[in-house]
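Coordinate analysis (summary)
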Amino acid sequence: MPAAGGIGPGNGKEYPGNLTPFVTVSCIVAAMGGLIFGYDIGISGGVTTMTPFLQKFFRRVWEKKEAAKSTNQYCQYDSQTLTMFTSSLYLAALLASLAASTVTRKLGRRLSMLFGGLLFLAGALINGFAKAVWMLIFGRMLLGFGVGFANQSVPLYLSEMAPYKYRGALNIGFQLSITIGILVANVLNYSFAKIKGGWGWRLSLGGAMVPALIITIGSLLLPDTPNSMIERGQTEEARAKLKRIRGVDDVDEEFMDLVAASDASKLVEHPWRNLLQRKYRPHLTMAILIPCFQQLTGINVIMFYAPVLFSTIGFGDDASLMSAVITGTVNVAATLVSIYGVDQWGRRFLFLEGGVQMLICQAVVATCIGAKFGTSGNPGDLPKWYAIVVVLFICVYVAGFAWSWGPLGWLVPSEIFPLEIRSAAQSINVSVNMIFTFLVAQVFLIMLCHMKFGLFLFFAFFVVIMSTFVYYFLPETKGIPIEEMNQVWKSHWYWSRFMEDIDYPINGDLELSKGGQGAKNV
Ligand code: BGC
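Residues numbered from 1 in each chain as written. Predicted model: local features only at pLDDT ≥ 70, side-chain atom pairs only at ≥ 80, totals over all residues. Heavy atoms only, no water.

A word on the site of the ligand. In the region of the ligand, 13 residues are neighbours, and Gln175, Gln295, Asn300, Asn331 and Trp410 sit closest. The contact in question runs from an oxygen atom of the ligand to an N or O atom on the side chain of Asn300, over 2.5 Å. Contact distances for the ligand include 3.4 Å between an oxygen atom and a backbone N or O atom of Gly406. Coverage of the ligand by the protein amounts to 100% of the 310 Å² it exposes when considered alone. Most atoms of the ligand, that is more than half of them, are within 2 Å of grid points of the second largest cavity. Where the shell around the ligand is concerned, the elements lending two or more residues are helix 7 (167-192), helix 14 (281-296), helix 15 (299-312) and helix 19 (405-416). For the shell around the ligand, the element with the highest residue contribution is helix 7, accounting for three residues. Within the shell around the ligand, the residues separate by chemical class into five nonpolar, eight polar and no charged. (Near = heavy atom within 4 Å. Polar contact = N/O pair within 3.5 Å; in protein donor to acceptor, adjacent residues only side chain to side chain. Areas by Shrake-Rupley, 256 points an atom, 1.4 Å probe, with all protein chains shown as cover. 1 Å grid on protein atoms, 1.4 Å probe; cavity = no way out; pocket = protein on both sides within 12 Å on 5 of 7 lines; lining within 4 Å. Sits in = over half its atoms within 2 Å of the grid points. Helix = DSSP H or I, 4+ residues; strand = E, 2+ residues; numbered from the N terminus. Nonpolar A, V, L, I, M, F, W, Y, C, P; charged D, E, K, R; others polar.)

Let us now look at a nonpolar patch on the surface. Taken together, the side chains of Leu213, Ile217, Leu220 and Leu221 present a nonpolar region at the surface, about 420 Å² in accessible area. Along the chain, Leu213 falls in helix 9 (residues 209-221). (Patch = residues over 30% accessible without salt bridge, like charges linked within 9 Å, V, L, I, M, F, W, Y side chains within 5 Å. Salt bridge = Lys/Arg side-chain N within 4 Å of Asp/Glu carboxyl O.)

On to empty space enclosed by the protein, then. The tally for this structure, following the rule as stated, stands at seven cavities of 30 Å³ or more. Space inside the second largest cavity adds up to approximately 170 Å³. Listed by contribution, the elements that provide at least two residues to the lining of the second largest cavity are helix 1 (21-47), helix 7, helix 14, helix 15 and helix 20 (422-451). With four residues, the single largest contributor to the lining of the second largest cavity is helix 7. (Points joined across faces, edges and corners; volume = space filled by probe spheres on them.)

With that settled, the discussion passes to the packing of aromatic side chains. For the structure on display, the rule yields 23 aromatic pairs. Ring plane angle 65° and centroid distance 5.4 Å describe the contact between Phe53 and Trp201, whose orientation is recorded as edge-to-face. Taken together, the positions of Phe53 in helix 2 (residues 51-57) and Trp201 in helix 8 (residues 200-206) put the pair 148 residues apart, joining distant regions of the chain. Comparing Phe53 with Trp201, the two get one shared label, buried. Put simply, the rings of Phe293, Phe351, Trp405, Phe469, Phe473, Trp489, Trp493, Tyr494, Trp495 and Phe498 touch in pairs and so form one group of aromatic residues. The side chain of Lys56 reaches across the aromatic face of Phe57, ending 5.7 Å from its centre. (Phe/Tyr/Trp six-rings, centres within 6.5 Å; stacked < 30°, edge-to-face > 60°. Buried < 20%, exposed > 50% of the residue type's maximum accessible area, 1.4 Å probe, protein only. Lys NZ or Arg CZ within 6 Å of the ring centre and 35° of its normal.)

Under the definition given, this model contains five salt bridges. Across the pair Arg239 and Glu236 runs a salt bridge whose closest N-O atoms are separated by 3.5 Å. One end of the pair, Arg239, and the other, Glu236, are both in helix 11 (residues 235-246), three residues apart, so they sit about a helical turn from each other. Here the residues in one salt-bridge network are Glu236, Arg239 and Asp252, joined through shared partners.

Interaxial distance between helix 1 and helix 7 falls to 6 Å at its minimum, and their mutual angle equals 40°. Pair helix 1 / helix 7 crosses with right-handed handedness. For the contact of helix 1 with helix 7, the per-class residue count stands at 16 nonpolar, nine polar and no charged. (Axes fitted to C-alpha atoms, helices over the stretch in contact; angles between N-to-C directions. Left-handed = near helix turned anticlockwise from the far one by under 90°.)

In this section: the environment of Ser101. Among the secondary structure elements, Ser101 is positioned in helix 4 (residues 80-107). A relative accessible area of 14% means that Ser101 is categorised as buried. Counting along the chain gives 51 residues from Ser101 to Gln152, while the straight-line C-alpha distance between them is 6.6 Å. Filtering out sequence-adjacent residues up to four positions away, Ser101 remains in contact with Gln152 and Ser427. (Contact = heavy atoms within 4.5 Å.)

Residue position: Ser177 is located in helix 7. In this structure Ser177 comes out as buried when scored by relative accessible area, which is 9%. Apart from the residues within four sequence positions on either side, Ser177 is in contact with Ala31, Gly34 and Leu35.

As for its placement among the helices and strands, His283 is situated in helix 14. When its relative accessible area of 0% is taken as the criterion, His283 is described as buried. Sequence-distant contacts of His283, defined by excluding residues within four places in its chain, comprise Ile416, Phe417, Pro418, Ile421, Trp489 and Met499.

One finds Phe53, Phe58 and Trp405 to be the most contacted residues of the largest nonpolar core, which totals 116 residues. Within the second largest apolar cluster, eight residues are counted, among which are Ala238, Val251, Phe255 and Val259. (Core = buried A, V, L, I, M, F, W, Y, C linked by side-chain atoms within 4.5 Å.)

This is the structure in structure tokens:
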């Protein structure tokens, strides 16, 4: 099976090793970190349409919603406290991901995962038993700290454990588990909303304890990665672990490369400052723009607020949650398509096809909602077929995202950074993603209230910009070993100007980044 990330061993090296049950199970357990992130993304939107939840914590929003039943639908959920509930998690995650980089480096990936799991657990407990708004927001911040720790350590863990041939596929496995988490949250919201007595929201929020326990217990059982062990001076134990992980005795070449990569990364004292060098301009640009664009597709408007959105466009509360379940299913299925196609069709094709697909859908949805709701936000009677068409186009939009910017927004940055800046650049990627996730979560309801159906055109505008950017500035990275990636920039019509020959020795590569998988920096 070709690596889904298009990553082969550099310079003809082929490390021996198999996809052993040991590595498979370890990666599946570790990928559960994505499940928790997804659960968090999916749960809040549904909970904030549950009437008993609104009545208990956000009474003014509920009163406004009731009063607005037949008037302005766009503004019925506009509340700063309500958006704070949703978006506090991402701000906390941003802070935690910066702190987690030190824990991950100095104490190992497993400890970061353990912290992540424990923080989730505490957050889920506080949320499940919440009696006041401050408990809700405090609990969500704890969940956010958990997300920050998990998102910092889990992708690193996966790419260090995976044999190089499967690294790409396993990376998209992380995205797949995010989408499964979102779907599970949607299904649970749908069922819990039906519970008599109106306490179903407690189960939805408290339910985060289950994936939290899985990752907490999992992190205690998981082996540490050889990279991390070497970095922390456990060199001989690391060699034995590598043999076990790869299922072969002959691991010398990979092991030496891991040691060399670790030594090299220790020599770089200021990876953050390094990033500002001229030769890293393309990498820095991608580390900032890719996550920023991923969020400006507007996907999280659907992921966080699908039930709110569907209820706004005229579905009953129950039908709204059901529609969110449908979009969640489409999200998972379309991610599988990208796992299948990313190495056959290439990243650029998926980015561009997904962009066109999202653009068309956004235009149709804006037109449909604009035509019915106008600027007054009063739809009158909404025919059923009309709402179905809107949901259909939202599904096609979600599919477009799920096989383009969703997985590629994580995969492409992870495959383009050279060894010596990989860790710092990856942190920028995660932080920018969290900042923009926070911004979209925080301003969406206000934007819906003020921009009305124009909101969809706002995101459509960015889809045009990002697709143009990909067309002109993102080189194809399919099937190119990480170690050869400099060639991609050197032969690019624009980025080549930053790639002076002097930066790279005669063979076009950096000596210490030769070692295929061993070229990983941490
Ligand atoms: C994004 C999330 C988004 C999810 C949807 C991820 O790649 O980072 O913000 O909610 O995809 O599936």
